[in-house]
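Single-letter residue listing:
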Amino acid sequence: MTFQDLGLCPPILRALAEQGYENPSPIQEKAIPPALAGRDVLGCAQTGTGKTCAFAAPILQRLDGKKASGRPIRALILTPTRELALQIQESFQAYGKHLPLRSAVIFGGVGQNPQVEQLKKGVDILVATPGRLGDLYNQKYVDLSRLEIFVLDEADRMLDMGFIHDVRRILGWLPKRKQTLFFSATMPPEVQGLVDELLADPVKVAVDPVSSPVEIIDQKLYYVDRGNKTKLLAHLIGTLGVKNALVFTRTKHGANKVAGDLVKAGLTAAAIHGNKSQTARQQALADFKAGRVQVLVATDIAARGLDIEELSHVFNYNLPDVPETYVHRIGRTGRAGRGGAAVSFCDVNEKEELKAIEKLLGRPVPVVAGHPWPMEVLEPAPRDKKGRVVNPEDAEARAAAKERRRQRDAANKAANQEKKAKAAQKAPEPQPPEPPAAEPAPKKKRGRGRRSSATLEEALTAVEPKKPERARPVYDDFQKPDPLASDVIMDATARLLSSRRPLPVREERPRNQRRKRQEKQEQRQAKPAPKPAPAPKADARRGGRDRGRSRRPMEPDLRKHGQKDSTEQPSLMKPYYLSDD
Ligand code: AMP
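Criteria and thresholds
- Residues numbered from 1 in each chain as written.
- Predicted model: local features only at pLDDT ≥ 70, side-chain atom pairs only at ≥ 80, totals over all residues.
- Heavy atoms only, no water.
- Helix = DSSP H or I, 4+ residues; strand = E, 2+ residues; numbered from the N terminus.
- Buried < 20%, exposed > 50% of the residue type's maximum accessible area, 1.4 Å probe, protein only.
- Contact = heavy atoms within 4.5 Å.
- Areas by Shrake-Rupley, 256 points an atom, 1.4 Å probe, with all protein chains shown as cover.
- Near = heavy atom within 4 Å.
- Polar contact = N/O pair within 3.5 Å; in protein donor to acceptor, adjacent residues only side chain to side chain.
- Nonpolar A, V, L, I, M, F, W, Y, C, P; charged D, E, K, R; others polar.
- Domains from an automatic or database assignment.
- pLDDT = per-residue confidence, 0-100.
- Pairing = 2+ DSSP bridges.
- Axes fitted to C-alpha atoms, helices over the stretch in contact; angles between N-to-C directions.
- Salt bridge = Lys/Arg side-chain N within 4 Å of Asp/Glu carboxyl O.
- Phe/Tyr/Trp six-rings, centres within 6.5 Å; stacked < 30°, edge-to-face > 60°.
- Lys NZ or Arg CZ within 6 Å of the ring centre and 35° of its normal.

**Student:** Would you mind showing me how to read the overall build of the protein chain here?
**Tutor:** Helix and strand counts for the protein chain stand at 20 helices and 13 strands. Taken across its 581 residues, the protein chain has 46% of its residues classed as buried. Across the protein chain, the fraction of contacts at a sequence separation of at least 24, relative to all contacts at a separation of at least 6, is 78%. Of the roughly 32,600 Å² of accessible surface on the protein chain, 52% is carried by carbon and sulfur atoms.

**Student:** Any chance you could explain unusual backbone geometry here in plain terms?
**Tutor:** For residues other than glycine, phi is negative in most cases, and the peptide bonds are mostly trans. A positive phi angle, near 70°, is found at Lys140, a position not held by glycine. Along the chain, Lys140 turns up in the loop between α6 (130-138) and β5 (149-152). On the basis of relative accessibility, which here comes to 72%, the residue Lys140 falls in the exposed class. Phi at Glu154 is positive, roughly 50°, even though this residue is not glycine. With respect to the helices and strands, Glu154 occurs in the loop between β5 and α7 (155-160). On the accessibility criterion, Glu154 (8% relative accessible area) is buried.

**Student:** It is not clear to me how the site of the ligand should be interpreted in this structure. Could you clarify?
**Tutor:** Taken together, the neighbourhood of the ligand is formed by 15 residues, with Tyr21, Gln28, Gly48, Gly50 and Thr52 sitting nearest. Note that a nitrogen atom of the ligand is positioned 2.9 Å from one of the backbone N or O atoms of Asn23. Between an oxygen atom of the ligand and a main-chain N or O atom of Lys51, the distance comes to 3.4 Å. Protein chains shield 86% of the accessible area of the ligand, which is 490 Å² for the free molecule. Residues belonging to the shell around the ligand are distributed by class as follows: 4 nonpolar, 8 polar and 3 charged. Lining the shell around the ligand are residues from two domains, each supplying at least three of them: domain 1 (4-207) and domain 2 (217-381).

**Student:** How do you make sense of the confidence of the model for the protein chain when you look at a structure like this?
**Tutor:** When pLDDT is low, close inspection of the predicted coordinates is not appropriate. For the protein chain, the average pLDDT comes to 77, and 69% of its residues sit at 70 or higher. Per-residue pLDDT stays below 50 along residues 434-509; that stretch engages in 114 contacts with residues further than four places along the chain or on separate chains. Within the model, pLDDT remains below 50 along residues 528-581, and this stretch shows 63 contacts once partners closer than five positions in the same chain are excluded.

**Student:** What should I look at first to understand the environment of Arg168 in this one?
**Tutor:** Mapped onto the elements, Arg168 comes out in helix α8 (residues 164-171). In sequence terms Arg168 and Leu194 are 26 residues apart; their C-alpha atoms lie 8.4 Å from each other. Residue contacts for Arg168: discarding those within four places in its chain leaves Glu190, Leu194 and Glu197.

**Student:** Sorry if this is basic, but what is going on with the sheet that holds strand β10 (residues 269-272) here?
**Tutor:** Through backbone hydrogen bonds, the strands of a sheet pair up, either in parallel or in antiparallel fashion. The strand order across the open sheet formed by 6 strands is β8-β13-β12-β9-β11-β10, and the pairing between neighbours is parallel. Each of the sheet's edge strands pairs with one partner strand only, and the pair in question is β8 (217-223) and β10. Averaged over neighbouring strand pairs, the angle between their axes works out to 20° when direction is ignored. When β8 meets strand β13 (residues 340-346), the two strands line up parallel, connected through 7 bridges. The partner of Tyr223 across the bridge, within β13, is Cys346. Across the sheet, helix α12 (residues 278-289) is in contact with β9 (245-248), β10 and β11 (295-298); its angle to β11 comes to roughly 145°.

**Student:** Any chance you could explain the sheet that holds strand β7 (residues 203-206) here in plain terms?
**Tutor:** Read across the open sheet, the 7 strands follow the order β3-β4-β2-β5-β6-β1-β7; overall the sheet is parallel. One side of each edge strand has no neighbouring strand; the edge strands of this open sheet are β3 (103-106) and β7. Across the sheet, the mean angle from the axis of one strand to that of its neighbour is 15°, orientation sign disregarded. Summarising the sheet, β5 and strand β6 (residues 179-183) pair through 4 bridges and their orientation is parallel. Note on β6: the bridge partner recorded for Ile149 is Gln179.

**Student:** Looking at this structure, I do not really get the pattern of salt bridges. What am I missing?
**Tutor:** When the charged atoms of two side chains lie near each other, side chains of opposite charge can form a pair. If you walk through the whole model with that rule in mind, you get 24 salt bridges. Asp153 serves as the salt-bridge partner of Lys51, at 2.7 Å between the closest nitrogen and oxygen. Taken as a pair, Lys51 in helix α3 (residues 51-65) and Asp153 in the loop between β5 and α7 lie far apart in primary sequence, 102 residues in all. Taken as a pair, Lys51 and Asp153 share a single burial class, namely buried. A salt bridge links Asp124 to Arg71, with the shortest nitrogen-to-oxygen separation between them at 2.9 Å. Here Asp124, found in the loop between α5 (113-121) and β4 (125-128), pairs with Arg71, found in the loop between α3 and β2 (75-78); they are 53 residues apart in sequence, far enough to count as distant. Given the relative accessible area of 6%, Asp124 is considered buried.

**Student:** Please explain the packing of aromatic side chains as it appears in this structure.
**Tutor:** Aromatic rings in a pair are described by how distant their centres are and how their planes are angled relative to each other. Evaluated as defined, the whole model comprises 8 aromatic pairs. Judged by centre distance (3.8 Å) and plane angle (5°), the rings of Tyr137 and Trp173 are stacked. One end of the pair, Tyr137, is in helix α6; the other, Trp173, is in the loop between α8 and β6, and 36 residues separate them in sequence. On the basis of relative accessible area, Trp173 is assigned to the buried category, the value being 18%. Geometrically, the ring pair formed by Tyr317 and Phe345 is tilted, given 6.2 Å between the ring centres and 55° between the ring planes. Of this pair, Tyr317 sits in the loop between β12 (313-316) and α14 (323-330) while Phe345 sits in strand β13, and the two are 28 residues apart along the sequence. With respect to burial, Tyr317 and Phe345 carry one shared label: buried. Taken together, the ring pairs in this structure connect Tyr222, Phe315, Tyr317 and Phe345 into an aromatic cluster. Above the face of the Tyr317 ring, Lys229 is positioned so that its terminal group lies 5.6 Å from the ring centre.

Right under this line is the structure:
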């Protein structure tokens, strides 16, 4: 079968040929014709099967075939990660190269202004992650009222990442009449629920279901002690003919450590995880893709959706807790029909995970015996009070985080002490208090660095040590809390999306008001009315701006109530795997 047989138009055929695509992949063969015909499609396919082209090519053709007035957003592709969003938009640009359609991508972790500018210019196809779409929709930069085609990509990952509520909210913003293309590698009940709600008489296409192993991948298992894994990894990278490898670790701390140890062993390696900035991640990915870095060490979240052409090896440095994740991980290699190798390490504490993976695969993973670091520790790690294995990787990551906190606190304390000492040195001897002035002293500007004082107020001001500035903690490369890190962004997004509960407006009781009025009247009778004092500056300003406008009862001044803004609430949506190491 050829792409021409699928009914694609010449400009798209030309673009596909320029991409080097000769024949459609199975998902493309099955999904493109019904999608072109305007049917809803339910695609059960993983990343790596060519599913992006399976939805992008028909979308481009349908939008090109039917013009719209103005430039409304006519197709929305919702995808869980920034990396995936970028890759999807790149695919739209590549396949739509010879068509006059405009696409844009929006995702968190970067400033919104360039994205807003693009939206203002008008886009036909918008690729988005849920958080940033929600932000920009709420700010009215995104209008979805004329949407014609909606793609929900990697629905099961959305669920894993805690985005399902955001997705449901976004669905509520879409017009009822639209074509929906729905892709998910697995179909847990929540995803099935979405399918039932969203799709009308869909054409079901399934390729390479996640419960069957990717046959073309050469899978191997090495039993090895935790302490010898990096040595074995470096050894295998040197002996297995590894062109480029993606190594999966359990924690972000683990990713840093393994990458660092590989570099010490003379290899080129970089870590990629949620604590790294978007720029650092993109740089590491670019270096890896360009072959400047041979090994990319990643956590699952960071590696999700990465499209790396010709990845020769995947290493499971740690086995995943969730067996499906194993299949997703090894699916990074052997893309679009190309073979690859997946090497997994299993220590004594990971035997349960291995059992679950083999159950899912329906067969054991072939074991390699006779390597230089055979497993010697046969006693599993102790269990905690609840009977759970105390995972040494997690314990190590926690200990490292604790040590970083300790160093940070010590640095803060030292900085504070130093500031206090400096402030004490600078402060002059306290002046004896002067008798209170008969007239209220005119307010003087508090000049910077004033030393002498003439009034009691000034004397007190002068000796009062300057409020110490918050000491800047000393961070190493990996500790620095990154404002662009996905966990920080997801937290912020969750907090912004969380509804702000209306606060009770404190009303004065009528009895109090009556008493106050009476008191005022008595005062007026007792002495002549004093000249009204000039209003404080801030009040005057507010009076000017808010004149004739009362504060809306639904939006009371949060500070007056001593209550925090909703954005100061603790995290509402922090998936388990984004917790600090
Ligand atoms: P996807 O599953 O959409 O992430 O695609 C995985 C990889 O396969 C990407 O690098 C695509 O460029 C590539 N690809 C998609 N379709 C084809 C095709 N028909 N022939 C060759 N490569 C393809």
